[in-house]
Amino acid sequence: MIEYPSILLSLITLPLLGILVIMVLPQNQINLVKTVSLTTSLIIFIISILLWLNFDLSTPKYQFVEHFFSVPYSNINVFIGIDGISLFFVLLTTFLIPICLLASWDSIKFSIKEYNIAFLFMGSLLICVFTVLDVLFFYIFFEAILIPMFLVIGIWGSRERKIRASYQFFLYTLIGSVLMLLAILTMYAQTGTTDVQVLTTITFSQDLQFFFWLAFFASLAVKVPMLPVHLWLPEAHSEAPTAGSVILAGILLKMGGYGFLRFSIPMFSHASIYFTPLIYTLSALAVMYTSLTTLRQVDMKRLIAYSSVAHMGFVTIGMFTMNLQGIEGSLFLMLSHGIVSSALFLCVGVIYDRHKTRIINYYSGLTVSMPIYSIIFLFFILANMGLPGTSSFVSEFMVLTGAFKSNVFITILIATGGVFGAAYSLWLYNRTAFGNIRLTYINNFQDIDRREFFVFLPCIIIVLIMGIYPEIFLSIMHVSVQHLIEQIY
Amino acid sequence: MNFFNLFENDFLVILPEFFICIAIIFLLSYGVVYSTSTFYNYPILSVNISWLGFFVLLISFFLCLNNCLSSMIIFNNLLIVDSFIIFIKSTILLSSIFCILISLNYLEYNKINSFEYTLLILLSILGMLLLVSSYDLLSLYLAIELMSLSFYILATYKRKSEFSGEAGLKYFILGAFSSGLLLFGSSILYGFTGMTNFEDIAKLLLGIGVIYDTLSYIGIFIGILFISIALLFKVAAAPFHMWSPDVYEGSPTPITAFFSVVPKIALLALYVRLFFYAFYEFIPLWQELFLICAIISMIWGSIAALSQKRIKRLMAYSGIVNVGYMLVGIASGTITSIVGLLMYLIVYITMTIGFFSFILGTQHYKTNYLNVFLIDLKNIGKTQTILGISIFIILFSMVGLPPLAGFFGKMYLFFSVMNSNLYLAAILGVLSSVVSAFYYIRMIKIIYFENSKSFTLYKQMDKNNSYVLTISILLLIIFMISSDALLLNCHRCAMTLTI
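Everything quoted here is computed from the prediction, not taken from an experiment.

### A word on the overall build of chain A
From N to C terminus, chain A includes 20 helices and 2 strands. Against the globule reference of 23 Å for 489 residues, chain A gives a C-alpha radius of gyration of 22 Å, in line with a compact fold. Its C-alpha atoms give chain A principal-axis dimensions of about 65 × 60 × 45 Å. For chain A, long-range pairs separated by at least 24 residues make up 81% of all intrachain contacts whose partners lie at least 6 apart in sequence.

### Focus: the overall build of chain B
A tally of regular secondary structure across chain B gives 20 helices and 2 strands. With the principal axes as the frame, chain B shows a C-alpha extent of 70 × 60 × 40 Å. By residue count, 55% of the 499 residues in chain B fall in the buried class.

### Some details on the packing of helix α14 (residues 324-355) of chain A against helix α17 (residues 391-406) of chain A
All names here are of chain A. It is the contact of α14 with α17, at a shortest axis distance of 8 Å, that shows an interaxial angle of 150°. Judged by the angle between their axes, α14 and α17 are roughly antiparallel. For the pair α14 and α17, the sense of crossing is left-handed. Packed against α14, whose contacting residues are Gln325, Gly326, Glu328, Gly329, Ser330, Phe332, Leu333, Ser336, His337 and Val340, the element α17 presents Ser391, Ser392, Val394, Ser395, Glu396, Met398, Val399, Thr401, Gly402, Ala403 and Ser406 at the interface.

### Some words on the packing of helix α7 (residues 162-191) of chain A against helix α17 (residues 405-419) of chain B
Two elements in contact, α7 of chain A and α17 of chain B, have axes separated by 9 Å at closest approach and are oriented at 60°. One way to sum up the angle between α7 of chain A and α17 of chain B is to call them oblique. Classified by chirality, the crossing of α17 of chain B by α7 of chain A is right-handed. On α17 of chain B, the residues touching Leu182, Leu185, Thr186, Tyr188 and Ala189 of chain A of α7 of chain A are Phe414, Phe415, Met418 and Asn419 of chain B. In the contact of α7 of chain A with α17 of chain B, the residues fall into 7 nonpolar, 2 polar and no charged.

### Some details on the environment of Leu387 of chain B
Residue position: Leu387 of chain B is located in helix α16 (residues 385-399). Each C-alpha atom, one on Leu387 of chain B and one on Met195 of chain B, is 55 Å from the other, the two residues being 192 residues apart in sequence.

### Comments concerning the environment of Phe258 of chain B
Residues and elements named next belong to chain B. Examined against the element boundaries, Phe258 turns out to sit in helix α11 (residues 253-278). C-alpha separation for the pair Phe258 and Leu28, spaced 230 residues apart in sequence, amounts to 21 Å. Beyond its immediate chain neighbours, meaning those up to four positions away, Phe258 contacts Cys99 and Ile121.

### Side note on the interface of chain B and chain A
Contacts between the two partners involve 23 residues from chain B and, on the opposite side, 23 residues from chain A. The dominant element in the side of chain B that touches chain A, judged by the number of residues it contributes, is helix α18 (residues 423-449) of chain B, at 12 residues. The residue inventory of the side of chain B that touches chain A, partitioned by class, reads 19 nonpolar, 2 polar and 2 charged.

### Describing the environment of Leu400 of chain A
All names here are of chain A. Looking at where Leu400 falls in the secondary structure, it is placed in helix α17. Overall, Leu400 belongs to the buried group, with 23 C-beta atoms counted inside 10 Å. Through-space distance from the C-alpha of Leu400 to that of Phe314 is 8.6 Å; in sequence the pair is 86 residues apart. Setting aside residues up to four positions removed in sequence, Leu400 forms contacts with Thr411 and Ala415.

### A look at the pairing of strand β2 (residues 76-82) of chain A
Within a regular beta strand, the side chains point alternately toward one face of the sheet and then the other, so they alternate between its two faces. Residues and elements named next belong to chain A. When strand β1 (residues 63-71) meets β2, the two strands line up antiparallel, connected through 6 bridges. Within β2, the position partnered with Gln63 by the bridge is Ile82. Adjacent in sequence and paired antiparallel, β1 and β2 are bridged by 4 residues, among which Tyr73 carries a positive phi angle near 60°.

### Quick word on helix α16 (residues 371-385) of chain A
Residues and elements named next belong to chain A. For α16, spanning 15 residues, the distance from its first C-alpha to its last is 21 Å, which sits close to the expected 21 Å at 1.5 Å a residue. Across the 15 residues that make up α16, a large majority, 11, are buried. Turning to α16, its buried residues number three or more, namely Tyr373, Ser374, Ile376, Phe377, Phe379, Phe380, Ile381, Leu382, Ala383, Asn384 and Met385. Structurally, α16 contributes buried residues whose contacts are with α13 (300-319), α14, α15 (366-369), α17, α18 (408-433) and α19 (450-468). Of the residues one or two after α16, Gly386 is the one with positive phi, at around 100°.

### Concerning the nonpolar core
In this structure, Phe141 and Leu182 of chain A together with Met343 of chain B are the most contacted members of the largest nonpolar core, which totals 367 residues. Once you skip the residues sitting within four places of it in the chain, Met343 of chain B turns out to touch Gly409, Tyr412, Leu413, Leu486, Leu487 and Cys490 of chain B.

### Let's talk about α17 of chain B
For α17 of chain B, spanning 15 residues, the distance from its first C-alpha to its last is 22 Å, which sits close to the expected 21 Å at 1.5 Å a residue. Note on α17 of chain B: the residue one or two positions beyond its end, Asn421 of chain B, has a positive phi of about 65°.

### Comments concerning the confidence of the model for chain B
Mean pLDDT for chain B: 89, with 98% of residues reaching 70 or above. Of the two predicted TM-score estimates for the complex, the pTM is 0.89 and the ipTM is 0.83.

### Things to note about unusual backbone geometry
With an omega dihedral of 0°, the bond running from Ala238 of chain B to Pro239 of chain B counts as a cis peptide bond. Along the chain, Pro239 of chain B turns up in the loop between α9 (215-235) and α10 (243-250). Residue Met322 of chain A is not a glycine yet carries a positive backbone phi of 60°. Turning to its location among the elements, Met322 of chain A is positioned in the loop between α13 and α14. A residue is classified by how many C-beta atoms lie within 10 Å of it, and Met322 of chain A, with 19 of them, is partly exposed. Phi at Asn41 of chain B is positive, roughly 60°, even though this residue is not glycine. Along the polypeptide, Asn41 of chain B turns up in the loop between α2 (15-35) and α3 (46-65).

Conventions and cut-offs
Residues numbered from 1 in each chain as written. Chains lettered and ligands numbered in written order. Predicted model: local features only at pLDDT ≥ 70, side-chain atom pairs only at ≥ 80, totals over all residues. Helix = DSSP H or I, 4+ residues; strand = E, 2+ residues; numbered from the N terminus. Rg over C-alpha atoms; globule rule 2.2 N^0.38 Å. Contact = placed C-beta atoms within 7 Å. Buried ≥ 20, exposed ≤ 12 C-beta atoms within 10 Å, placed from the backbone. Axes fitted to C-alpha atoms, helices over the stretch in contact; angles between N-to-C directions. Parallel < 35°, antiparallel > 145°, perpendicular 65-115°, else oblique. Left-handed = near helix turned anticlockwise from the far one by under 90°. Nonpolar A, V, L, I, M, F, W, Y, C, P; charged D, E, K, R; others polar. Pairing = 2+ DSSP bridges. Expected span 1.5 Å × (residues − 1). Core = buried A, V, L, I, M, F, W, Y, C linked by C-beta atoms within 7 Å. pLDDT = per-residue confidence, 0-100.

As C-alpha cells, then:
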C-alpha cells in the first residue's frame, strides 16, 4: 500500500484554501468564483475517494490517523482518523458539497461569494466532525456548524418565515448541546482525557453513565431529529435555499446518528441498553406519526422534511438493536437517505426555481410538460418508498431484520410505517406529475437543462449501485460494526 | 513601625497608585488654573486632560508591570501586593485605558466641556487599585468609598438629562446603603473577633467549626453575611441588582462602558482575596449564598433581558447574567475555579469593551445620535460589511458558541464548576446561556436579516474607537486560536493565593 501523506488533513485544509482564493477574486467575475469553488469541491471529492481505495477493511482500528493539534497545558491531543463507520460519512460530505454548489449555480442571486465561502467552510467543518477522535472537539465542531447554517437559512432563505426557522434551528440545537458540554467536561474531570480511543476502554459507573447518556441524548436527539424535538426540521427545510436543505438533510442529520454510534453506544453501553425501550418508543412513534402528518402537507419541502424524520426513526431503531444487521442497516440507511432525500430536495428545487412556489396544488401534469424531470422525480420517489433495487430497500430490509431479532412488536409497527411511506410518496408524485396541466396557474414550461441533469445523474447511479450490489459498501463496515458490538457486551 | 521603613519598601511597591494620586493633583490644578484663564480665552480642556489621563494610566500600567518586589504587605498591614494583585491591577489599568479612548469622541460631540470627567475616572481607578490591594477591613471600606463616590458623580455627568440625574441618585442611595451594610458587617466582625486584618482573621477562624453553636460563631457568621451582601450589592448580583439597569441606562454611554467592565474586575478580585483567604472557613455560608445569588442572577437576568428594547438596558441585564456565571466560579472554592473565573473575566471584558466601542463609534450622520434602541442597529451588516463582521464575532462570542473565544471562557469556568460537584448550578448556567443566546441572536437578526427599506447613514468611525474595536476583535481571534498564554498567566496568579 502506498503511503499517502495526510489525506485527512488535506481534506480539511483544502476547502479553507479554496475560501482564501475565492475571497481575493473580484466581485464582477462571478462565474470565475463559482467555477473555482466547484473545482475545489470536486478536487476534494476525488481525494476522498483515495481514502476509500486505500482503506484496509480487515481491521477495526482507526486508519489514516494523524495528529491534528494539541491544546497546551492540558491532556487534550486531538487526532483525526476514520474507521469503517465514519468513512462513508466523509465520502457523503465530499459527494454532496459539489452537488450543492452546482445546484445553486443559478438560483442564488446575491452575495454569491459569501454563499460559496459558507458552503466550503461547512464542508471543512463537517469533515472535521466526522473524523476527529476527541470528544471535546467533536462538540466544538458539532456546534460550530450552527453558525454558517444559521446564516445560510437566514440570509438566502425564502422570504416568509425564515427568521423564525433560523431561530428555531439555532435554539433547539443549542439547548441540547450545552448539556452535552457539561457531560463532556465531567468526563474530562473524571478520567483526565478526552481521547475517544482511550475513553472507549473505560467503563463509567452506572449512575454516571445514565447522566452522560441522557446529556448526549438531549443533544443528539435534537440533531437526528427524534420525535418531541423534531419541530425545527420542517421549518428549517421549507425556508432554507435548495442547497441548504440538501446539506441539512444529507449530512447534518447524520451527525446525530454518527454521534450515537461513536459516543453513546460504545462508551455508555449499559445506559444504551437500559434506554433502548425509550429510543424504540420515540422512533416508532416518529415513523408512524410523521408519516401520517406527511399526508396533510401542502408544501412539498415540508413533506419531504417530515419523511426525513420518518427515515431517521428507522435509523435510530436500527442503531439500538445492537446486532450486526441492525447497525449496518442504520448506517446504510443514513447513506442512502443522505442521497435520496437530497435528490428529492433538489427535485423540488428545480420546480421552485422555475415557478417560485412549492405548494402542491399548483402543480399537476408534469409528465406532459417536463418528461425527463418526471422520470428522475419518479426514480427518487420510488427510492424514498423503498423499492427493491434501490438503496433504501436494502437498508430498510436490514433494519427490519435487525429489529425483528430484538423486538417483534416494534418491527410490526415500523413496517406498517413503511407502508405509510409508500402512501405519501406515491400521493405526492400522483398529484404533481400525473393528470392534466393546470394552465390557470402555470403556463411557462422548461424541462431540466444540462447542469441540473448532471446534478441528478451521480445520485441516480449511486442509488442504483447501492441497491443492486450493496456489498461494495457493506464490506467496509463489517469489521468496524462487529467491533462496536463486541465493545457493548 | 519605623518611619523610615515607609520610604524603604512601601512607596516602591505602591508606586502606581502614588503616581496616579500625584498626577490627579497636578491635573486638577492644571485644569483649574488654565480653564479659567482669560489669556487663553477660557479653553475647554476636557479632551486635553483626557489624553493626559490616558498617558497617566499608561505610565502607571508600565510602573505596575515593572514592580521590583514580590509579595509584600505594606503600610502597617493595610495593603498587600503580590502577583495576583499585579495581574488584576494591570487588567484594570488596561481596560480603563480603553474606556478613556472610546469616550473621547463622545465628549466632543455631546459637548461635555468640564474637564473633571477624566479626573473622576482617575480617582475611581485609584480607589479600585487600593481596593484590590486591601488587606484590612478599614482599607477595604475606604477604597470602596473612594471608588463609589467617584462613580456616583460620573453617573450623573450629563447635567442636561434628567435620566442621568436619576441614575446617579439611584446609584448614590443604593451605594450608600450597601456601604452602610458593609460597615455594619465589619463592625460586628470587629466586635466578635477584635481584629480587622485579613491575615489575623484567617488565622483566628482556622478550625472554627468546632464552636458551631456559640455566640461568637453566630456573631462572626452575621458579620460575614452582611459583608457578603454589601459586596453583592456593589457588583449587581441578583437579587440585589435593582439599581443596575436604571443606572446603566441613564449614565452617559462611555460611563456605562466603564461601569460594565472595570468595577467588576476590582470587586471580583476582592471577592477572591476576601473569601478565599480571610473567610475560607465559613465556606458553607458564602458558598450557598453565592450559589443562590448566582442562580437567581443567571435565570432572572436572562429572562428579563428578553423583553428589552434598548441596548444599554440589555447590556445591563447581560452584565447581571455574566456576574452570575462568575459568582458560580467563586462559589466553587478551588484554585481551578479561580483560573476559570479569571479566564472568563478577561474574555468578558474584551467582548464588552468591543461592544461598547461599536456602540460609541456608530454615530448617525446628520444628527450625531448614538444608537439607543435595538431597532436602530438595523441593516448595519448590509451597509458596512467589516463593522458587521466585527459585531458578529463579538455577539456570537457572547453567546458562547464554539469555536469563538466566549466558548473557551465558559468552558474553563464550567469545567471547574463541574469539578467541584456543583451540578445544579452548572446545568442552570448552561440553560440560561441558551436563553440569553436568544437576545444576542436577535441582535444579529436585526443587524443582518432585517427587511426594512431604509438604511441609516453613519459617520465614519473615529480613530480611537476603531483602534479599540480592532484590538478587541484581534484579542478574541487570538483567544480562539491559542489561549495558552492567558491560561498560564491566570494559573500562575491563582497559585500565588495558596501562599
